[in-house]
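# Coordinate inspection notes
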Amino acid sequence: MIINRAFYRETAVTTLGSAVVLLIVMSMMNLTWLLGRAVRGGTSESVLYVLLGYQMLGKIDVLLPLAFYLGILLTLSRWYRDSEMTVLAACGIGLMHFLRPVMLIGLSLGVVVMAASFYTTPLAVRQIEKVKVESAHRMEPDQVAPGVFTESSRTGRIFYAERIRRNGDLEGVFVSSLEQGNQGVLVAKTGRPFADAKTGDKFIALHDGTFYEGEPGTANYRILEFSVYNLRIEPKMIDEPLVPMEGLPNMSLLGQLGNPKASAELHWRLGKTVVLFVLALYAMVFAFTDMRRGRMSNFFVAIVIYFIYSNLLGIGETMLQSGSVPATVGLWWVHGGMGLVAAYLLWRRLRNLPLFSLPMRLQRA
């Protein structure tokens, strides 16, 4: 049917566009946060974009339902605004006709959301934790950010480099360490990290500098000038990353069904697919545009409904984790309640009734 093909095409394009916009916005927010951590020395610049990629991969199951919600909302709103829905209604094609196409698109997207929720997102969480652990145990020169004093968690050394060239060479190097009660300070014009070809040990070759060594608070100092000083970088053992509940595989969660947090995580993963279909019903309800009120009134209510739904799910998950709600109930009370409200509002919309009507006594007053 031509109408269905037009609806499929426009909804798909609008959903894809919404997903791209949401992805860009979320990427910029996460990138700003990661850049702040990199400037403070909390994250190595070499893993910055790796972390950003995994974070975006873990947001697919959240972005797609919202993008689908906006896609249906914007598509049907345009059809109402351009009187296309009025013409279709005159031909005997009402809003209920689009329920089947909406659900068919929702089924295809639901498969993607379910795969992302149960596999991609936990994998991304595990990889993020692994990258963070490896980044925290990187060799000390790799942790240095230009213009920032960085302290090594293992050796207690404090590194500073005024500038870092693209090839990894350091300029204006400062190194401070405390060993056996003696404070040692190295100041060098340049430095270059390298590895010994035979042993594989890591060093940083400091050029044209001065070494100060002595006990703090006394005049017993030794000052040495050098042309080349090879500073050994202590190797670090990489610990196994602690995987949070959000990153555990599905089978691990199924083996901990007695744990309320594991049950809450399983219900949360399953609920992301259910959200897709419930939001689709709300999109059909609030897509109606009354030109006398303006097109933004229903759109604003639709956004409010989305935030209410999201907050209720967050509250429900917290109650599940604390054991206030049985695991058999899960988050179904939220999905069921929001679904019943959506079905009731859609029923009123199909009969051209006001979505929210006041009691007769208040109307007369």
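Residues numbered from 1 in each chain as written. Predicted model: local features only at pLDDT ≥ 70, side-chain atom pairs only at ≥ 80, totals over all residues. Heavy atoms only, no water.

## Some thoughts on the overall build of the protein
Of the regular secondary structure elements, the protein holds 11 helices and 6 strands. A fraction of 59% describes how many contacts in the protein between residues 6 or more apart in sequence connect residues 24 or more apart. (Helix = DSSP H or I, 4+ residues; strand = E, 2+ residues; numbered from the N terminus. Contact = heavy atoms within 4.5 Å.)

## Comments concerning the side chain of aspartate 61
For aspartate 61, the location among the structural elements is in helix 3 (residues 60-81). Among the polar contacts made by the side chain of aspartate 61, one reaches the side chain of threonine 121 at a distance of 3.0 Å. Looking at aspartate 61, its side chain comes within polar contact range of the side chain of lysine 272, at 2.6 Å. Excluding its chain neighbours within four sequence positions, the residues that come into contact with aspartate 61 are Val113, Ala116, Ser117, Thr121 and Lys272. (Polar contact = N/O pair within 3.5 Å; in protein donor to acceptor, adjacent residues only side chain to side chain.)

## Considering the pattern of salt bridges
Overall, the coordinates contain 11 salt bridges when judged by the stated rule. The salt bridge partner of lysine 272 is aspartate 61, with a shortest N-O separation of 2.6 Å. On the criterion of sequence distance, the pair formed by lysine 272 in helix 8 (residues 260-286) and aspartate 61 in helix 3 is long-range, its members being 211 residues apart. Lysine 272 gets classed as buried once you look at its relative accessible area, which sits at 12%. The residue arginine 165 makes a salt bridge to aspartate 169 at a minimum N-O spacing of 3.9 Å. Exposure remark for arginine 165: the relative accessible area of 39% places this residue in the partly exposed category. It is possible to trace a salt-bridge network through shared partners that takes in Glu162, Arg163, Arg165, Asp169, Glu171 and Arg192. (Salt bridge = Lys/Arg side-chain N within 4 Å of Asp/Glu carboxyl O. Buried < 20%, exposed > 50% of the residue type's maximum accessible area, 1.4 Å probe, protein only.)

## Concerning the nonpolar core
In terms of nonpolar packing, the biggest core is built from 47 residues, with Tyr69, Tyr282, Met284 and Phe286 touching the most fellow members. For this core, the secondary structure elements donating two or more residues are helix 1 (2-39), helix 3, helix 4 (84-90), helix 5 (99-136), helix 8, helix 9 (296-322) and helix 10 (332-350). With 12 residues, the single largest contributor to this core is helix 8. Non-local contacts of tyrosine 69, meaning those with residues more than four positions away in its chain, are made with Leu279, Tyr282, Ala283, Ala302, Ile305 and Tyr306. Listed in part, the 13 residues of the second largest apolar core include Leu170, Val173, Ile204 and Leu206. (Core = buried A, V, L, I, M, F, W, Y, C linked by side-chain atoms within 4.5 Å.)

## Re helix 3
Every α-helix winds through 3.6 residues per turn, so residues three or four apart in the chain are directed the same way. Taking 1.5 Å per residue, 22 residues should reach 32 Å; helix 3 reaches 31 Å between its end C-alpha atoms and fits that length. Serine 83 sits one or two positions beyond helix 3 and adopts a positive phi of about 65 degrees. (Expected span 1.5 Å × (residues − 1).)

## Describing helix 8
In this model, helix 8 (27 residues) spans 36 Å end to end at C-alpha, consistent with the 39 Å of a helix rising 1.5 Å per residue. Considering bend angle alone, the principal kink of helix 8 is centred on lysine 272 and spans about 35 degrees. Looking at where helix 8 begins, the residue whose side-chain oxygen comes 3.1 Å from the main-chain nitrogen of lysine 261 is asparagine 259. (Bend = angle between axes of the 7 residues up to and from the residue.)

## Regarding the packing of aromatic side chains
All chains considered together, the criterion is met by 11 aromatic pairs. Measuring from centroid to centroid gives 6.3 Å for tyrosine 69 and tyrosine 306, while their planes differ by 25 degrees, and the two rings are stacked. Linking tyrosine 69 in helix 3 with tyrosine 306 in helix 9, this pair joins segments that are 237 residues apart in sequence. A single burial state applies to tyrosine 69 and to tyrosine 306, both of which are buried. Here tryptophan 79 and phenylalanine 98 contribute two aromatic rings whose centre-to-centre distance is 5.6 Å and whose plane-to-plane angle is 80 degrees, an arrangement assigned as edge-to-face. Of the two residues, tryptophan 79 sits in helix 3 while phenylalanine 98 sits in the loop between helix 4 and helix 5, which places them 19 residues apart along the sequence. A residue is classified by how much of its surface remains accessible, and tryptophan 79, at 3% relative accessible area, is buried. Using a relative accessible area of 0% as the deciding quantity, one classes phenylalanine 98 as buried. Members of the aromatic cluster, each reached through a chain of ring pairs, are Phe7, Trp79 and Phe98. (Phe/Tyr/Trp six-rings, centres within 6.5 Å; stacked < 30°, edge-to-face > 60°.)

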